[in-house]
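Each chain is listed here by its residues.
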Amino acid sequence: CLKFLEVVASLGKTPWKQIAPKDHQVIGQACSDAPLVVFPDGTRKRCTELADPGDATLSQVLGQSAIFPPDDYRAPLPMFVMRQAGLRRFSNDSVFLEAARHVDEQPGHQRVELGSVFLKYLGENSDSLKWPTKSYSALGRLRIFPVIDALGSEHHMPPTRAATGGAPVRAVSLDGAVTLFRHAAAVWTRAFLLDPAVFDAWPDELWRK
């Protein structure tokens with residue numbers, strides 16, 4: 001199977017093009033559908049069942065729950081084919097949402113930590129992500145957005161960044177009363193404040209998606 005992937009790599013991206021010759025399309029489909037990746041214990045997996053070892057954020061968030069290709073498959077040629085065939089990456093909205101649901105199920109402190117990693121990635125890569133609106137809507141319903149709870153702290157005035165270092169932090173969904181930290185002076189008594197360490201870097205366009 002490894003040799004097969006190396007041979008397919010010589011075809012470039014042609015097997016995954018809509019206008020490719022029929023026989024090339026069959027090869028491309030087989031790379032996605034067939035369990036071509038063989039593990040040392042004899043287990044076989046499809047490319048679509050495996051995580052891309054080059055996606056550092058995915059590795060950090062999923063940890064041991066992610067299954068990566070064996071080392072023998074991580075050379076440039078087989079990696080090229082496996083990526084074309086559907087290795088799981090955070091740039092894919094369905095993979096991102098599945099992992100986000102995993103984060104939503106974690107205990108509070110882990111949701112805060114992993115949610116921060118998730119949403120920093122989203123802010124840094126939003127320009128290159130071509131996701132449908134429904135994916136962003138689904139993401140907003142998950143409890144992965146880290147916030148500063150000014151009401152739960154000892155603040156007696158609108159909080160500043162310098163004064164929030166010890167404020168409790170939790171992860172919530174966007175369905176409730178939350179707002180950007182820059183609006184703290186107006187709404188801090190009525191809403192959670194989104195953690196500025198994560199969201200100050202988000203482009204305004206991302207909030208409109």
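Everything numeric in this text was worked out from a predicted model, so none of it was measured.

A count of helices and strands for the chain gives 10 helices and 6 strands. Per-residue burial for the chain yields a buried fraction of 44% across its 209 residues. Expressed as a percentage of contacts within the chain between residues at least 6 apart in sequence, the contacts between residues at least 24 apart total 60%. If you sum the accessible surface of the chain, you get close to 11,400 Å²; carbon and sulfur atoms cover 51% of it.

Before going further, it helps to spend a moment on the nonpolar core. In this structure, F90, F118, L119, L122 and L139 are the most contacted members of the largest nonpolar core, which totals 35 residues. Of all elements in the fold, only helix 3 (56-62), helix 5 (93-104), helix 6 (108-125), helix 7 (133-140), strand 3 (145-148) and helix 9 (196-199) reach the threshold of two or more residues within this core. Discounting chain neighbours no more than four positions away, the residues touching L119 are L139, I144, F145, P146, V198, F199 and W202. With 15 residues, the next largest nonpolar core counts A9, L36, L50 and V81 among its residues.

All right, on to the sheet that holds strand 3 then. With mixed pairing, the 4 strands of this open sheet are ordered in space as 4-3-6-5. The sheet is open, and its two edges are formed by strand 4 (169-172) and strand 5 (178-180), each paired on a single side. In this sheet, adjacent strand axes meet at a mean angle of 45 degrees when their direction is disregarded. Two strands pair when backbone bridges link them, and strand 3 and strand 4 are joined in this way by 4 bridges, in the antiparallel orientation. Note on strand 4: the bridge partner recorded for F145 is V172. Contacts from helix 6 reach strand 3 and strand 4 within the one sheet, and its direction differs from that of strand 3 by about 115 degrees.

Here the largest pocket is characterised by a volume of approximately 190 Å³. Taken together, S32, R83, Q84, A85, G86, L87, R88, R89, N92 and V95 make up the lining of the largest pocket. Tallied by class, the residues present in the lining of the largest pocket amount to 3 nonpolar, 4 polar and 3 charged. In this structure, the second largest pocket occupies an estimated 160 Å³ of space. Lining the second largest pocket are E49, A51, L62, S65, A66, I67, R88, V95, E98, A99 and H102. If you tally residues by element for the lining of the second largest pocket, the top one is helix 5, at 4 residues. When grouped by side-chain class, the residues that make up the lining of the second largest pocket number 6 nonpolar, 2 polar and 3 charged.

In helix packing, the relevant descriptors are the interaxial angle and the interaxial distance, both defined with respect to the helix axes. Closest axis-to-axis distance for the helix 5/helix 7 pair is 10 Å, and the angle between their directions is 10 degrees. One way to sum up the angle between helix 5 and helix 7 is to call them roughly parallel. Where helix 5 approaches helix 7, its residues D93, F96, L97 and A100 are matched on the opposing element by S135, A138 and L139. Considering only residue class, the contact of helix 5 with helix 7 consists of 5 nonpolar, 1 polar and 1 charged.

We now examine the packing of aromatic side chains. Throughout the structure, instances matching the rule amount to 11 aromatic pairs. When the centroid spacing of 5.5 Å and the interplanar angle of 40 degrees are considered together, the rings of W131 and Y136 count as tilted. Per residue, the accessibility class of W131 equals that of Y136, and both read buried. Between W202 and W207, the aromatic rings sit 4.6 Å apart at their centres with planes inclined by 40 degrees, giving tilted as the arrangement. Here W207 falls in the partly exposed class, since its relative accessible area comes to 28%. Among the aromatic residues, ring-to-ring pairing joins F90, F96, F118, Y121, W131 and Y136 into one connected group.

Calculation notes
- Residues numbered from 1 in each chain as written.
- Predicted model: local features only at pLDDT ≥ 70, side-chain atom pairs only at ≥ 80, totals over all residues.
- Heavy atoms only, no water.
- Helix = DSSP H or I, 4+ residues; strand = E, 2+ residues; numbered from the N terminus.
- Buried < 20%, exposed > 50% of the residue type's maximum accessible area, 1.4 Å probe, protein only.
- Contact = heavy atoms within 4.5 Å.
- Areas by Shrake-Rupley, 256 points an atom, 1.4 Å probe, with all protein chains shown as cover.
- Core = buried A, V, L, I, M, F, W, Y, C linked by side-chain atoms within 4.5 Å.
- Pairing = 2+ DSSP bridges.
- Axes fitted to C-alpha atoms, helices over the stretch in contact; angles between N-to-C directions.
- 1 Å grid on protein atoms, 1.4 Å probe; cavity = no way out; pocket = protein on both sides within 12 Å on 5 of 7 lines; lining within 4 Å.
- Points joined across faces, edges and corners; volume = space filled by probe spheres on them.
- Nonpolar A, V, L, I, M, F, W, Y, C, P; charged D, E, K, R; others polar.
- Parallel < 35°, antiparallel > 145°, perpendicular 65-115°, else oblique.
- Phe/Tyr/Trp six-rings, centres within 6.5 Å; stacked < 30°, edge-to-face > 60°.

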